Amino acid sequence: MFSLLPHTIIAAALLAGAAQTPPASADRAISAADRAAVRCSAAFAIVAGEQQRGRAVDYPPLGWRGREYMVQTGSSLIDAGWSEADVATAMRDAATTLQTQAVADGDADGVLAAVMGPCLALLDAEVPPLQQPNLPQCAAILRLSYEEVHGAEGLTDRAKDLLTLATVLEARTRREATEQGRTQADADAVLAMEADSVAKVAALLGGVQRYDIGTCFELAKPEEKTHY
């Protein structure tokens, strides 16, 4: 069973996307398109929460794109005269409805799948796809992730795994440079340049979630008949 959409996710998205708050007495009439957008926002938040727990991996990563869609939906309704509280209530009610339907049907996955099909089409029309990182960018992303985890947790198993993957991708970047007739200094310059570009993206709202990080784990897999 998926979890109810946390109030904090809704509040954070609305506060990030709204420039100002209209009067609480604003007209709450809503079109069919806006109702669908609210429902999809709730569904995306649910799936993003499941993905943080290692589930719902059959769907595209929704940490950044789902949140951005929610922000855009909230901002659109606010521009139409809704208050932030009204939008948050609508999204919370949409999530509750999905959960109630899942309980009634006894099929949480089926309920979510029925909603996610058309919702993903709306998402693709509104929010750009994740950036596809190249090899040196992936090395920088995983190196940055290691530094963040190490700073927060110390040299835990998770930090060690990220360090190993970052080191593997850095080594493969240098090997690729050599195979292309470039020097190690050239490879180091590329790694430094991409580390700088990744750091700039990481400083934006959503951070490295703007990248398809799954690509990086694919690039870091052991090569056939080789070992790390």
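Our structure is the block above this text.
The structure presented is a predicted model; accordingly, all values stated were derived computationally and were not measured.

Engineer: Give a detailed account of the side chain of Thr215, specifying residues and quantitative values.
Structural biologist: Structurally, Thr215 is set in helix H9 (residues 213-219). Side chain to side chain, Thr215 and Gln132 meet in a polar contact 3.0 Å long. Sequence-distant contacts of Thr215, defined by excluding residues within four places in its chain, comprise Gln132, Pro133 and Cys138.

Engineer: Tell me about the packing of helix H2 (residues 32-52) against helix H4 (residues 84-105), and please be specific about residues and values.
Structural biologist: Where H2 meets H4, the axes come as close as 8 Å, and the angle between the chain directions of the two elements is 70 degrees. By the criterion of interaxial angle, the relationship of H2 to H4 is roughly perpendicular. Here H2 and H4 pass one another in a crossing that is right-handed. Along the contact surface, H2 presents Val38, Arg39, Ser41, Ala42, Ala43 and Ile46, while H4 presents Ala90, Met91, Ala94, Ala95, Leu98 and Gln101. Of the residues assigned to the contact of H2 with H4, the class counts are nine nonpolar, two polar and one charged.

Engineer: Any chance you could break down the nonpolar core for me, citing the residues and the numbers?
Structural biologist: Counting 32 residues, the largest nonpolar core has Phe44, Leu62, Tyr69, Met116 and Leu123 as its most contacted members. Those elements that place two or more of their residues in this core are H2, helix H3 (65-79), H4 and helix H5 (108-126). A per-element tally of this core places H2 first, with ten residues. Leaving out residues up to four positions away in the same chain, Phe44 has contacts with Leu62, Gly66, Tyr69, Met116, Cys119, Leu120 and Leu123. Formed by 21 residues, the second largest nonpolar core is a distinct cluster that contains Ile141, Ala159, Val198 and Ala220.

Engineer: So what's going on with the packing of aromatic side chains? Which residues, and what values?
Structural biologist: According to the stated counting rule, one finds one aromatic pair in the structure shown. For the ring pair Phe44 and Tyr69, a centre distance of 5.2 Å and an interplane angle of 85 degrees mean the geometry is edge-to-face. Placement of Phe44 in helix H2 and of Tyr69 in helix H3 is noted, with a sequence separation of 25 residues between them. A relative accessible area of 1% places Phe44 in the buried class. For Tyr69, a relative accessible area of 5% translates into the label buried.

Engineer: How would you explain the state of the cysteines if you had to name every residue and give the values?
Structural biologist: Considering all chains together, one arrives at two disulfides under this definition. Each sulfur in the disulfide pair Cys40 and Cys119 lies 2.0 Å from the other. The disulfide joining Cys40 to Cys119 has a torsion of about -85 degrees about its S-S bond and is therefore left-handed. Separated by 79 residues along the polypeptide, Cys40 in helix H2 and Cys119 in helix H5 bring together distant segments of the chain. Given a relative accessible area of 3%, Cys119 falls into the buried group. Each sulfur of the disulfide joining Cys138 and Cys216 lies 2.2 Å from the other. Judged by the sign of its S-S torsion, about -80 degrees, the bond between Cys138 and Cys216 is left-handed. One end of the pair, Cys138, is in helix H6 (residues 135-153); the other, Cys216, is in helix H9, and 78 residues separate them in sequence.

Engineer: Which residues make up the side chain of Thr73, and what values do they have?
Structural biologist: Structurally, the position occupied by Thr73 is in helix H3. Using a relative accessible area of 7% as the deciding quantity, one classes Thr73 as buried. At a separation of 3.4 Å, a polar atom in the side chain of Thr73 contacts the side chain of Ser41. When near neighbours in sequence (up to four residues on either side) are disregarded, Thr73 contacts Ala37, Val38, Ser41 and Met91.

Engineer: Outline unusual backbone geometry, supporting the account with residue identities and numerical values.
Structural biologist: Note: most peptide bonds trans; most residues except glycine with negative phi. The backbone phi angle of Ala56 is positive, close to 55 degrees, even though this residue is not glycine. In this fold, Ala56 is placed in the loop between H2 and H3. Among the residues examined, Ala56 registers a relative accessible area of 23% and is labelled partly exposed.

Engineer: Talk me through the pattern of salt bridges; I want residue IDs and the actual numbers.
Structural biologist: Summed over the entire model, instances satisfying the criterion amount to eleven salt bridges. Note that Glu223 and Arg175 form a salt bridge whose closest N and O atoms lie 2.6 Å from each other. One end of the pair, Glu223, is in the segment after H9; the other, Arg175, is in helix H7 (residues 157-179), and 48 residues separate them in sequence. In this structure, Lys221 engages Glu218 in a salt bridge whose closest nitrogen and oxygen atoms are separated by 3.1 Å. The network of salt bridges with shared partners includes Arg172, Arg175, Glu179 and Glu223.

Scoring rules and cut-offs
- Residues numbered from 1 in each chain as written.
- Predicted model: local features only at pLDDT ≥ 70, side-chain atom pairs only at ≥ 80, totals over all residues.
- Heavy atoms only, no water.
- Helix = DSSP H or I, 4+ residues; strand = E, 2+ residues; numbered from the N terminus.
- Polar contact = N/O pair within 3.5 Å; in protein donor to acceptor, adjacent residues only side chain to side chain.
- Contact = heavy atoms within 4.5 Å.
- Axes fitted to C-alpha atoms, helices over the stretch in contact; angles between N-to-C directions.
- Parallel < 35°, antiparallel > 145°, perpendicular 65-115°, else oblique.
- Left-handed = near helix turned anticlockwise from the far one by under 90°.
- Nonpolar A, V, L, I, M, F, W, Y, C, P; charged D, E, K, R; others polar.
- Core = buried A, V, L, I, M, F, W, Y, C linked by side-chain atoms within 4.5 Å.
- Buried < 20%, exposed > 50% of the residue type's maximum accessible area, 1.4 Å probe, protein only.
- Phe/Tyr/Trp six-rings, centres within 6.5 Å; stacked < 30°, edge-to-face > 60°.
- Disulfide = S-S within 2.5 Å.
- Salt bridge = Lys/Arg side-chain N within 4 Å of Asp/Glu carboxyl O.

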